[in-house]
Amino acid sequence: MGRHSSSALLEVDDVIVKFGGVTAVNRATFSAHRGQITGLIGPNGAGKTTCFNVITGLQKPTSGRVRYQDRDVTRWPVHRRAKHGVGRTFQRLEAFGSLTVRDNVRVARDIHGGPLAWVRPSGRSALEIDVLLDRVGIGQYADERADSIPTGTARLLELARALACNPQLLLLDEPSSGLDESETDAFGDLLKDLAAEGAAILMVEHDMDLVMAVCDDIHVLDFGQIIASGTPADIRTDPVVQRAYLGYAEVDHSGDEEIDHTTELGVVS
Ligand SMILES: Nc1ncnc2c1ncn2[C@@H]1O[C@H](COP(=O)(O)OP(=O)(O)OP(=O)(O)O)[C@@H](O)[C@H]1O
């Protein structure tokens, strides 16, 4: 358990997801708490995105349960979970390319707000959108088309679109890819602020420096199974995690170099 102790906002309980003969998630049990940042890490294909899909309702589990706000939401459709505060960003960028950055956030908020949001006077809420864009650090792009902005900025736009729906549980899939070092630092600070305001953040992320710097708790998936859970310090030194990552070295054929993922985790000097 992490720095704070609080009851779980989200509980994934013994979830199995099978795609034909492939077991993508294998008896995964983990939780996310209000006011905390929880990391979900593991090698490519470990089942992280599938877990996100189960939590948001895009993927029905073969077995197991999802509890959210003390209710069993396993059979709830995506929109009902979203309505109750489950927000998400995707690994693949989802913004409308022909709309401006500002309008992308406006549309996300209006869709979330339902029919009444379309007839609401927009003066104050337009200002709120600009405040939100400034908060995630992309205010200067407000009038740019979404398909003309750099990838890192587009990732921050995804975050702004998710935040426009006032999520209580925020799922972030590879949020820092495309961000440079200083943008990543600012992003980490923003995540900590959001958690301090009470959000529960669950993050899939390959940047281990960021994961280790901001997460209260980390769950490690390997071949669909949670092989370790704990604080960053626990995870760094966990022999099971070290073994899993030690077994995960691959050859980068473009540069003929072996990439040792243990260094990404910071478990090997
Ligand atoms: N719709 C699907 N049909 C069949 N197999 C799938 C499907 N979605 C995922 N898989 C398989 O399930 C396993 C877990 O995939 P998943 O995308 O959840 O992993 P991941 O940890 O998110 O990987 P990455 O880090 O590469 O995004 C993989 O073997 C993948 O090929």
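It should be noted that the structure appears before, not after, this text.
Residues numbered from 1 in each chain as written. Predicted model: local features only at pLDDT ≥ 70, side-chain atom pairs only at ≥ 80, totals over all residues. Heavy atoms only, no water.

J.: So what exactly am I meant to see when it comes to the environment of Ile 138 here?
T.: Structurally, Ile 138 is set in the loop between α5 (123-136) and α6 (151-163). As for Ile 138 and Leu 157, which are separated by 19 residues in sequence, their C-alpha atoms are 7.4 Å apart. Beyond its immediate stretch of four places on either side in the chain, Ile 138 contacts Val 101, Leu 133, Thr 153, Leu 156 and Leu 157. (Helix = DSSP H or I, 4+ residues; strand = E, 2+ residues; numbered from the N terminus. Contact = heavy atoms within 4.5 Å.)

J.: Where do I start with the sheet that holds strand β5 (residues 71-72) in this structure?
T.: Strand pairing in a sheet relies on backbone hydrogen bonds. The paired strands run either parallel or antiparallel. Taking strand neighbours across the sheet as the criterion, the four strands line up as β2-β1-β4-β5 in an open arrangement whose pairing is antiparallel. Edge positions in the open sheet fall to β2 (22-33) and β5, since each of these has one partner strand only. Sheet analysis places strand β4 (residues 63-68) next to β5, joined by two bridges and oriented antiparallel. Across the sheet, residue Tyr 68 finds its bridge partner in β5, namely Arg 71. Against the sheet, helix α1 (residues 48-56) touches β1 (8-19), β2 and β4, its axis set at about 120° to β1. (Pairing = 2+ DSSP bridges. Axes fitted to C-alpha atoms, helices over the stretch in contact; angles between N-to-C directions.)

J.: Where do I start with the site of the ligand in this structure?
T.: With respect to spatial proximity, the complete set of residues near the ligand consists of Phe 19, Ala 24, Pro 43, Asn 44, Gly 45, Ala 46, Gly 47, Lys 48, Thr 49, Thr 50, Gln 91 and His 206. Within the backbone of Ala 46, a nitrogen or oxygen atom sits 3.1 Å from an oxygen atom of the ligand. Within the backbone of Gly 47, an N or O atom sits 2.9 Å from an oxygen atom of the ligand. Here the ligand, which alone exposes 630 Å², has 59% of that area covered by the protein. With three residues, α1 is the largest single contributor of residues to the shell around the ligand. By residue class, the composition of the shell around the ligand is four nonpolar, seven polar and one charged. (Near = heavy atom within 4 Å. Polar contact = N/O pair within 3.5 Å; in protein donor to acceptor, adjacent residues only side chain to side chain. Areas by Shrake-Rupley, 256 points an atom, 1.4 Å probe, with all protein chains shown as cover. Nonpolar A, V, L, I, M, F, W, Y, C, P; charged D, E, K, R; others polar.)

J.: Mind showing me how you'd approach the packing of aromatic side chains here?
T.: Any aromatic ring pair is given by two values, namely how distant the centres are and how the planes are angled relative to each other. Applying the stated criterion across every chain, the model contains zero aromatic pairs. Directly above the aromatic system of Trp 76 lies the positively charged group of Arg 80, at a separation of 3.7 Å from the ring centroid. (Phe/Tyr/Trp six-rings, centres within 6.5 Å; stacked < 30°, edge-to-face > 60°. Lys NZ or Arg CZ within 6 Å of the ring centre and 35° of its normal.)

J.: Sorry if this is basic, but what is going on with helix α7 (residues 181-196) here?
T.: Owing to its 3.6 residues per turn, the α-helix aligns residues three or four sequence positions apart on the same side. With 16 residues, α7 extends 23 Å between its outermost C-alpha atoms, agreeing within 8% with the 22 Å of an ideal straight helix rising 1.5 Å per residue. Buried within α7 are the following residues: Thr 184, Phe 187, Gly 188, Leu 190, Leu 191, Leu 194 and Ala 195. Buried residues in α7, looked at end-on, bunch into an arc of 165°, giving them a common side. Looking at α7, the residues exposed on the side facing more than 90 degrees away from the buried face are Ser 182 and Ala 196. A distance of 3.1 Å separates the backbone nitrogen of Ser 182 from a side-chain oxygen at the start of α7, and that oxygen is part of Asp 180. (Expected span 1.5 Å × (residues − 1). Buried < 20%, exposed > 50% of the residue type's maximum accessible area, 1.4 Å probe, protein only. Arc of directions from axis to C-beta.)

J.: What exactly am I supposed to notice about α6 here?
T.: Helix length check: α6, at 13 residues, gives a terminal C-alpha distance of 18 Å against a target of 18 Å (1.5 Å per residue), a fit within 8%. Of all the 13 residues making up α6, 12 are buried; the element is thus mostly covered by neighbouring parts of the structure. When α6 is considered as a whole, its buried residues turn out to be Gly 152, Thr 153, Ala 154, Arg 155, Leu 156, Leu 157, Glu 158, Leu 159, Ala 160, Arg 161, Ala 162 and Leu 163.

J.: What should I look at first to understand the environment of Val 214 in this one?
T.: Assignment of secondary structure puts Val 214 in helix α8 (residues 208-214). The class for Val 214 is buried, based on a relative accessible area of 2%. Taking the C-alpha atoms as reference points, Val 214 and Thr 38, 176 residues apart in sequence, are found 8.7 Å from one another.

Interpretation note: all reported values are geometric properties and have no functional meaning in isolation.
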